[in-house]
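Observations on chain architecture
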Amino acid sequence: MTAKLQVQHLTKIFGRRIPKAEELLKQGKSKAEILKTAGATVGVNDANFEVNDGEIFVIMGLSGSGKSTMIRMINRLIEPTSGKVLIDGENLTDLSKKELLDVRRNKMSMVFQNFALFPNRTIIENTAYGLEIKGVDKDERLKKAHDALELVGLHGYDDQYPTQLSGGMQQRVGLARALATDSEILLMDEAFSALDPLNRKDMQDELLDLQENLHKTIVFISHDLNEALRIGDRIMIMKDGVIVQTGTPEEILTQPADEYVEKFIEDVDRTKVLTASNVMIRPTFVNIDKDGPRIAMRRMRENEISSVYVVNSKREFVGVADADHVMGLIKQKNPDLMSVVQKDVPTTGPDTPITEIMEKISQTPIPFAVVDDQKHLLGIIIRGAVLGAISGNEVTEDE
Amino acid sequence: MNNIPQLPVSSWIDKFVDWLVSFEGFFNGVTNFIGGIINGFQWVFDILPIWLFMLIILGATYWLNRKTKHWTLLIFEAIGLLYIWNQGFWRDMTQTLTLVLTSSLIALVIGVPLGIWMAKSKVFAVINKPILDFMQTMPAFVYLIPAVAFFGIGMVPGVIASVIFAMPPTVRMTNLGIRQVPNDLTEAADSYGSTGWQKLFKVQLPLAKSTLMAGVNQSMMLSLSMVVIASMIGAMGLGNKVYFAVGRNDAGGGFAAGLAIVILAIILDRITQAINRNKVPKS
């Protein structure tokens, strides 16, 4: 993983007395104090972060936290007061107007909250806008635009006008416009916030599907933690123009940096009410008292998993057997499954709150076993299911 | 009050005008240029037979309103044009039309770039606003005096005075139209690497078009309101008829010509509005 985009000491101050405000900022004065004494507003204060190639990087914060300013400084729609934005090592803030146009045309494209489609242009003309600006000839740009529309699942709307489409479809056009230019970096400014919840979820899925094939570097602005948890590889939380925490969704949830982040995740934090039984899924298991290695192997193959849970005839939990060891037994023609069962598997009760076991779950490779007082195996907890449940999605259960 | 000497404003301006008159060559050039446009329009209008002229206007109205189907306008136009012909005002009407079209055209050609400039530059907008207010509120008669000094007597000074009086709406509405383009659309244009010109011609002007056209329509109506005033310095046309009627205390003749101006105004207004309607993208 290499850094595609690096932001170094990026600062934006709005207002007239910028040098004074900068000085106050260096002295460590707060945003409110600077506004009072210098009459300048600090948009973003000394931001440092890196976005890796091919990752979805979510910048999160409430309104006024500076996240919109941040994303606009990345393509210099807003000129930074100081600091650097490096793309593939090239500093954007040094570029001349002409060089900047080149970067905007070829390296980055942007998707807007309210779609920002041109009402006087048809869908295909909107999609081809970036290519038209670059001077790509008409046949080629229309073909590329058409391909981009296909990619986002819009067929047969080429000659309609934006107002004839629903919100969700309009944002697909917005996304297609960004994809049509083949730029490596997508800047998405609250791209799905204007959509209703169902459409939003569809678009998030769509984006994840596209990302699997396209591997764009995506900077995604959001104020919605659920959205950030769903789509973000990493999340950066901002408050009052300052970066509060950067980390993976798990890190944000398990180790909130301060009270602000805690409060932030509280709204959406279902961990406090969720218990192990809410997130466990049905395990694949074998009965040690009657099943041998071959049955165990078959169960694993059927379910496409690499380990199987072992119980006895009373359904009491015994342990876990993994595919490699079971395979070894079969090769040796040894029927003693018990000899390869791993017994030190982490277990938990069905009523344990997830907060208590979250950290352990994220650290152990083997899914937790949920057992009741009589040691009966009730279910297992896999990592994805925990995160999914916290971020508000149903736990999918394979039967 | 008597102790304070009167400021010699009028003599200053006289001196300024005298100084300007010394650029005779320049003003002659402008006169010839505008005179050329006027003669061009007038030549076309004179060469067209009256029945063909009527047919063209009616045909244009029909074509522009083919979707909305407001046919009452067609009937009104037919009756109105026949009235003008019947009263013997046809040539006067075409002269007035020439005056209006020429000044609207010049107002458009100068006004739109000024409006764009105002939209792009805060400084220019701040400077220009009081000038536009001045142009529009200064009694239009006042423009006639220097106009005669610079451009002599006839249609040309009439056109110039009309342009000064009628241009502000075009400038203002162009400025307004561009500023009204939603911020995220200009951001979108910028974020894909549009140059200033690309943004202007591909996004801002197309979206400002209907506001801009409303300004042009207003300019046209204002220049029509100048025709009587312009006739005082020798501009020909319907205004001249009204002006003569005033001098002869001829209420009937004044109204007859005034009615023709009203008819022309309504026809021009409806046609430009219909053009504007057709240019707005369907939604």
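Residues numbered from 1 in each chain as written. Chains lettered and ligands numbered in written order. Predicted model: local features only at pLDDT ≥ 70, side-chain atom pairs only at ≥ 80, totals over all residues. Heavy atoms only, no water.

Right, let's get into the overall build of chain B. Broken down by element type, chain B carries 13 helices and zero strands. Dimensions of chain B along its principal axes, counting C-alpha atoms only, are 65 × 65 × 40 Å. The proportion of buried residues among the 283 residues of chain B is 48%. Once local pairs closer than 6 in sequence are excluded, the contacts in chain B between residues at least 24 apart make up 78%. (Helix = DSSP H or I, 4+ residues; strand = E, 2+ residues; numbered from the N terminus. Buried < 20%, exposed > 50% of the residue type's maximum accessible area, 1.4 Å probe, protein only. Contact = heavy atoms within 4.5 Å.)

Below, the discussion takes up a negative patch on the surface. The grouping of Asp258, Glu259, Glu262 and Glu266 of chain A at the surface amounts to a negative patch. Take Glu262 of chain A: its relative accessible area is 43%, and that puts it in the partly exposed class. (Patch = residues over 30% accessible without salt bridge, like charges linked within 9 Å, V, L, I, M, F, W, Y side chains within 5 Å. Areas by Shrake-Rupley, 256 points an atom, 1.4 Å probe, with all protein chains shown as cover. Salt bridge = Lys/Arg side-chain N within 4 Å of Asp/Glu carboxyl O. Lys, Arg positive; Asp, Glu negative; His and termini not counted. Charge placed at Lys NZ, Arg CZ, Asp CG, Glu CD.)

Moving on to a positive patch on the surface. Together, Arg16 of chain A together with Lys122, Lys129 and Arg179 of chain B line one region of the surface with positive charge. By the secondary structure assignment, Lys122 of chain B is in helix α6 (residues 122-137). We classify Lys122 of chain B as exposed; its relative accessible area is 69%.

Let's shift gears to the UniProt feature "transmembrane region" (unreviewed entry) in chain B. All names here are of chain B. Residues annotated by UniProt as "transmembrane region" (unreviewed entry) correspond here to residues 43-64, 71-90, 96-119, 140-167, 220-239 and 251-268. Counted over residues 140-167, helix gives 89% and strand 0%. Its end C-alpha atoms are 13 Å apart. As annotated, residues 220-239 comprises 65% helix and 0% strand, and the C-alpha atoms at either end are separated by 15 Å. (UniProt positions renumbered as here; feature names shortened; annotations may be inferred.)

Attention shifts here to a nonpolar patch on the surface. On the surface, a cluster of nonpolar side chains totalling about 430 Å² of accessible area is made up of Leu7, Val9, Trp12 and Ile13 of chain B. Counting through the fold element by element, Ile13 of chain B comes out in helix α1 (residues 9-21).

A separate point is the environment of Ala214 of chain B. Residue and element names in this part refer to chain B. By the secondary structure assignment, Ala214 is in helix α10 (residues 196-225). It is 24 Å that separates the C-alpha atoms of Ala214 and Ile229, two residues lying 15 residues apart in sequence. Look past the residues within four positions of Ala214 in its chain and what remains in contact with it is Met173 and Asn276.

Turning next to the nonpolar core. A general feature of soluble globular proteins is that nonpolar side chains tend to end up buried together. By size, the foremost hydrophobic cluster in this structure holds 83 residues, and its most contacted members are Ile59, Met70, Leu175, Met188 and Phe220 of chain A. By residue number, the principal contributor to this core is helix α8 (residues 167-180) of chain A, which donates six residues. When near neighbours in sequence (up to four residues on either side) are disregarded, Met70 of chain A contacts Leu10, Val44, Ala47, Phe49, Ile59, Met236, Met238 and Ile243 of chain A. In this structure, Ile38, Tyr143, Ala230 and Ile261 of chain B belong to the second largest nonpolar core, which totals 61 residues. (Core = buried A, V, L, I, M, F, W, Y, C linked by side-chain atoms within 4.5 Å.)

In this section: the interface of chain A and chain B. If you look at the interface, chain A gives 27 residues, while chain B gives 19 residues. Buried surface at the junction of chain A and chain B, summed over both partners, amounts to about 2,000 Å²; 62% is from carbon and sulfur atoms. Inspection of the region where chain A meets chain B yields two salt bridges. Ionic pairing is found between Lys202 of chain B and Glu132 of chain A, a salt bridge with its closest N-O pair at 2.7 Å. Where chain A touches chain B, the interface holds nine residue pairs in polar contact (both at pLDDT 80 or more). (Buried area = accessible area lost by both parts, 1.4 Å probe. Polar contact = N/O pair within 3.5 Å; in protein donor to acceptor, adjacent residues only side chain to side chain.)

In this section: the sheet that holds strand β1 (residues 3-14) of chain A. All names here are of chain A. Taken together, four strands build an open sheet; the order of strands is β2-β1-β4-β5 and the sheet is antiparallel. Where the open sheet ends on each side, the last strands, each with one partner, are β2 (41-52) and β5 (90-91). In terms of strand pairing, β1 meets β2 through eight bridges, oriented antiparallel. What sits directly across from Gln6, in β2, is Glu50. (Pairing = 2+ DSSP bridges.)

Residues and elements named next belong to chain A. Under the definition given, this model contains 24 salt bridges over all chains. Glu132 is paired through a salt bridge with Arg121; the nearest N and O atoms lie 2.9 Å apart. Placement of the pair is Glu132 in helix α6 (residues 129-134) and Arg121 in the loop between β6 (108-111) and α5 (123-127), with a sequence separation of eleven residues. Assigned by exposure class, Glu132 and Arg121 land together as buried. Salt-bridge contacts for Arg172 lead to Glu206; the nearest nitrogen and oxygen are separated by 2.6 Å. Of this pair, Arg172 sits in helix α8 while Glu206 is found in helix α9 (residues 197-214), placing the two residues 34 residues apart along the sequence. Counted as one network, the salt bridges with shared partners bring together Lys4, Asp88, Glu90, Lys107 and Glu184.

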